[in-house]
Amino acid sequence: MNKNIIIWDLICYIIFPLVIWHGSREYIGDYYAMLISTVPGFIYSVIRFMILKKVNFLGIYLIVTLAIGTLIDVLAGSAMQMLWNSVIYSFALSLLLLISIVINKPLYLLFAVDIMELRGRDREILKQEFYQKKVLFIFKLITFGFAFQGILLASIKVWLIMNYGVEAFDKGLVLRQVLSWTISAVLIYGFIHIAKLLNYKSDAELERESQTY
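All values reported here derive from a predicted model rather than from experimental measurement.

Chemist: What's the story with unusual backbone geometry in this structure? I'm lost.
Modeler: Excluding glycine, most residues fall at negative phi; most peptide bonds, likewise, are trans. A positive phi is found at N104, a non-glycine position, where the angle reads about 70°. Along the chain, the position of N104 falls in the loop between α5 (79–102) and α6 (107–118). Of the residues examined, N104 reaches a relative accessible area of 31% and is grouped as partly exposed.

Chemist: Which parts of the structure should I look at to understand the nonpolar core?
Modeler: The tendency in soluble globular proteins is for nonpolar side chains to be buried side by side. Judged by nonpolar contacts, the single largest core of 20 residues is most densely connected at F130, F139 and I194. Looking at this core, the elements that each hand over two or more residues are α6, α7 (123–130) and α8 (133–164). Among the nonpolar cores identified, the runner-up in size contains 13 residues, and L83, V87, A154 and V166 belong to it.

Chemist: Hey, could you run me through the packing of aromatic side chains in this one?
Modeler: By convention here, two paired aromatic rings are described through the distance between centres and the angle between planes. Scanning all chains against the criterion turns up 4 aromatic pairs. For the ring pair Y108 and F111, a centre distance of 5.0 Å and an interplane angle of 75° mean the geometry is edge-to-face. Here Y108 pairs with F111, and both are found in helix α6, just 3 residues apart, close to one helical turn. Summarising the burial analysis for this pair, Y108 and F111 share the class buried.

Chemist: Before we go on, may I ask you to explain α8 in this structure?
Modeler: Three- or four-residue spacings in an α-helix give side chains the same orientation, since the helix completes a turn every 3.6 residues. Over its 32 residues, α8 runs 46 Å from end to end, which matches the ideal 46 Å to within 8%, given 1.5 Å per residue. G165 sits one or two residues past α8 and shows a positive phi near 65°.

Chemist: How do you make sense of the packing of α5 against α8 when you look at a structure like this?
Modeler: Helix-helix packing is described using two parameters, namely the angle between the two axes and the distance between the axes. Axis separation between α5 and α8 bottoms out at 9 Å; the angle between their running directions is 160°. As judged from the angle between their axes, α5 and α8 are roughly antiparallel. When you trace α5 past α8, the crossing you get is left-handed. When the residues that make up the contact of α5 with α8 are grouped by side-chain class, the tally is 16 nonpolar, 7 polar and 2 charged.

Procedures and definitions
Residues numbered from 1 in each chain as written. Predicted model: local features only at pLDDT ≥ 70, side-chain atom pairs only at ≥ 80, totals over all residues. Heavy atoms only, no water. Helix = DSSP H or I, 4+ residues; strand = E, 2+ residues; numbered from the N terminus. Buried < 20%, exposed > 50% of the residue type's maximum accessible area, 1.4 Å probe, protein only. Core = buried A, V, L, I, M, F, W, Y, C linked by side-chain atoms within 4.5 Å. Phe/Tyr/Trp six-rings, centres within 6.5 Å; stacked < 30°, edge-to-face > 60°. Expected span 1.5 Å × (residues − 1). Axes fitted to C-alpha atoms, helices over the stretch in contact; angles between N-to-C directions. Parallel < 35°, antiparallel > 145°, perpendicular 65-115°, else oblique. Left-handed = near helix turned anticlockwise from the far one by under 90°. Nonpolar A, V, L, I, M, F, W, Y, C, P; charged D, E, K, R; others polar.

Quick look at the structure:
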């Protein structure tokens, strides 16, 4: 996992929100403090999107989910409602992932097609390779894994809200991020396994091979 990504995740998803939350809630109230604390993460997500230049289905998905998530926060009206809205939204996104598996179009397969196409591979050939029975099954497992991640994190947030109320925002922030990294790291292995199945080579391997000729 890229160390720089972990550092920036910590800064934008945990440190900045916590500093803003604790530093401003006394003056502007829980709701506005919580709303403002989401701004660093939103800006960071947009910047990552622009730098990585992910387009097509993945790009649309990222833009739409960011926009809807921000709109839900703005329209919440209270800190508690904002917390419950985020829970409902997480369950909804997880349901979308599960539906994509049922209809045989796992979202993370479509995302992978977009990413690999940006690396110069033919989109139609990618679809043929990815829809092989064994590869498709792994993509379904990966997509299910991310759906499970969303359900687990949302369920933890429900427990925190019911036990701590608005304070759940503070208490669950670090735990949710650590769980998110842990599950994501496990699921990345699935992508590596797919690459091995299809004999895909990394950029470093391709560069080393080109230097031998």
